[in-house]
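Observations on the three-dimensional arrangement
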Amino acid sequence: MSEYPTGTLMAGKRGLIMGVANKNSIAWAIAQQLAAQGAEIAFTYQGDKLLRRVKPLAESVGSDVLLDCDVTNDDQMDATFKALADRWGRIDFLVHAIAFAGKDQLSGSFVESTTRDGFKSALDISAYSFVDAARRASEIMNDDGAMVTLTYLGSERVVPNYNVMGVAKAALEACTRYIAADLGPRGIRVNAISAGPIKTLAAAGIGSGRHMFRFNKAAAAMQDNTDPKGVAGAALYLLSELGASCTGETHHVDGGFHAIGMPQEGPLRESLES
Ligand code: NAD
Ligand code: 0WE
C-alpha cells in the first residue's frame with residue numbers, strides 16, 4: 001500500500017505534524033515516510049474545511065489524533081499541546097510545515113508591495129509559529145527528540161515574487177539555529193529542510209509558476225524537479241537516530257539547484273547560446 005519502504009527507525013516514537021492540507025502537502029509525504037518506519041502521529045489542521053481532506057489521510061496511517069489549530073490562535077495552540085500531553089504524556093518529534101503571506105504581498109516589486117501588516121502576518125505565521133510550537137513541544141518532548149521545519153531558497157537569494165516570504169524564511173532559518181542552541185543541551189535537535197519547488201496548494205496559483213518549475217528543472221544539478229520523497233527521506237534522517245549530532249542545519253533537498261552558479265550543458269545553456 002505505502003510507497004515508502006517499511007522499517008523500524010521510528011518505532012515507539014510519537015510526534016506532531018503541523019501543515020497537512022491535502023495529499024500533495026509536503027507534510028503528508030513526511031507523515032507517510034515516518035509512519036512506514038513505525039511512528040505514531042498526531043496531526044493539526046487549519047480549520048473545518050481542511051478536516052474533510054486530512055481525516056482520511058490520518059486514518060490511512062492509523063492516526064485518530066486530529067487537532068484544529070490555526071497558529072495565530074493562542075487558545076488553539078494551548079489546546080493542541082494540552083491534548084498531546086493528555087493523550088501521550090511525552091512526544092518525540094515535531095514537524096512544522098506552515099507558511100503564509102497575503103496574496104497581495106507575493107507579486108511584483110518587493111519594496112513596493114510589502115506592507116507593515118503583510119510583513120507582520122507573514123513573519124508571524126511563517127516564522128514565529130515555529131518558535132511558539134517549538135517552545136510548547138519542548139515542554140513535553142523526550143530528551144532525544146527532534147524538530148524539523150520547511151524552508152525555501154528564497155531566504156538566501158532573490159526569487160521573483162517570493163518577496164516577504166523570503167524574509168520570513170530567512171527569519172525561520174535563524175530561529176532554527178537559536179532554538180537548536182537552546183534545546184541542544186537537552187539532546188533535542190532542530191533543523192530545517194530547504195526544499196526545491198514542489199506542486200502543492202502553497203505553490204499553486206503563484207504567478208510565473210510554470211516558468212519557475214521549468215527553470216528549476218533546467219538549472220538544477222540533477223536537471224529535474226524536487227521529488228517530495230527526497231524531502232520525506234531527509235525528514236526521516238533528521239528526526240530519527242540517523243541524524244545524531246546534526247542540529248541547527250538548513251539542509252537543501254532541491255536536486256542541487258542551490259549549488260549551481262552557472263547553467264551546465266543542457267537545455268538552459270542551449271537556449272542562451274542560440
Ligand atoms: P501546503 O499548502 O500543502 O501546506 C501549507 C500548510 O500551511 C497548509 O496545511 C496550511 O493549512 C498551513 N497554514 C497556513 N497558514 C496557517 C495558519 N495560520 N495556521 C495553521 N496552518 C496554516 O503546501 P506545502 O508546499 O506542503 O508547504 C509546507 C511548507 O513547505 C511551507 O512552510 C512551505 O513554505 C514549505 N516549502 C514549500 C515548497 C514548495 O515548493 N511547495 C518548497 C520549499 C518549502
Ligand atoms: O513557501 C512557499 C509558498 C508559501 C505561500 C504560498 C501562498 C499561496 C497562497 C505563502 N503564502 C501564500 N499565500 C497565498 O495567498 N513556497 C516555497 C512555494 C513558492 O511560492 C512562491 C514561489 C515558490 C517556490 C511564490 C513566488 C515565487 C516562488
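As a reminder, the structure under discussion sits directly above these lines.
Anyway, here's the lowdown on the structure attached to this text. (Residues numbered from 1 in each chain as written. Chains lettered and ligands numbered in written order. Predicted model: local features only at pLDDT ≥ 70, side-chain atom pairs only at ≥ 80, totals over all residues. Heavy atoms only, no water.)

Some remarks on the pattern of salt bridges
Between side chains of opposite charge, pairing is possible as soon as their charged atoms come close. Overall, the coordinates contain 11 salt bridges when judged by the stated rule. Here Arg 136 ties to Asp 132 by a salt bridge, and the two come within 3.0 Å at their closest N and O atoms. Remark: Asp 132 and Arg 136 occur in helix H5 (residues 116-140); sequence separation between them is four residues, near one turn of the helix. Exposure class is identical for Arg 136 and Asp 132. Each is buried. Its salt-bridge partner being Glu 273, residue Arg 269 comes within 3.1 Å of it at the nearest N-O pair. (Salt bridge = Lys/Arg side-chain N within 4 Å of Asp/Glu carboxyl O. Helix = DSSP H or I, 4+ residues; strand = E, 2+ residues; numbered from the N terminus. Buried < 20%, exposed > 50% of the residue type's maximum accessible area, 1.4 Å probe, protein only.)

Thoughts on the nonpolar core
Ranked by size, the top nonpolar core spans 40 residues in total, and within it Ile 17, Leu 34, Phe 43, Phe 93, Leu 150 and Ile 193 carry the most contacts. If you list the elements that add at least two residues to this core, you get helix H1 (26-36), strand E2 (40-45), helix H2 (48-60), strand E4 (91-96), strand E5 (141-151), strand E6 (189-195) and helix H8 (228-239). For this core, the leading source of residues is H1, giving eight residues. Each residue touching Leu 150, except ones within four places of it in the same chain, is listed here: Ile 26, Ile 30, His 96, Ala 97, Lys 169, Leu 172, Ile 193, Ala 195 and Val 231. Ala 133, Ala 137, Met 141 and Leu 183 belong to the second largest nonpolar core, which has 29 residues in total. (Core = buried A, V, L, I, M, F, W, Y, C linked by side-chain atoms within 4.5 Å. Contact = heavy atoms within 4.5 Å.)

Quick notes on the site of ligand 2
Every residue lining ligand 2 is accounted for by Phe 100, Ala 101, Lys 103, Leu 106, Tyr 152, Pro 160, Asn 161, Tyr 162, Met 165, Ala 202, Ile 206 and Met 212. One of the backbone N or O atoms of Ala 101 is found 2.7 Å from a nitrogen atom in ligand 2. The separation between an oxygen atom of ligand 2 and a polar side-chain atom of Tyr 162 is 2.8 Å. Broken down by class, the residue content of the shell around ligand 2 amounts to 10 nonpolar, one polar and one charged. (Near = heavy atom within 4 Å. Polar contact = N/O pair within 3.5 Å; in protein donor to acceptor, adjacent residues only side chain to side chain. Nonpolar A, V, L, I, M, F, W, Y, C, P; charged D, E, K, R; others polar.)

Points about H5
Taking 1.5 Å of rise per residue, 25 residues should cover 36 Å, and H5 covers 35 Å from first to last C-alpha, within 8% of that figure. Where H5 bends most, at Tyr 128, the angle is about 45°. (Expected span 1.5 Å × (residues − 1). Bend = angle between axes of the 7 residues up to and from the residue.)

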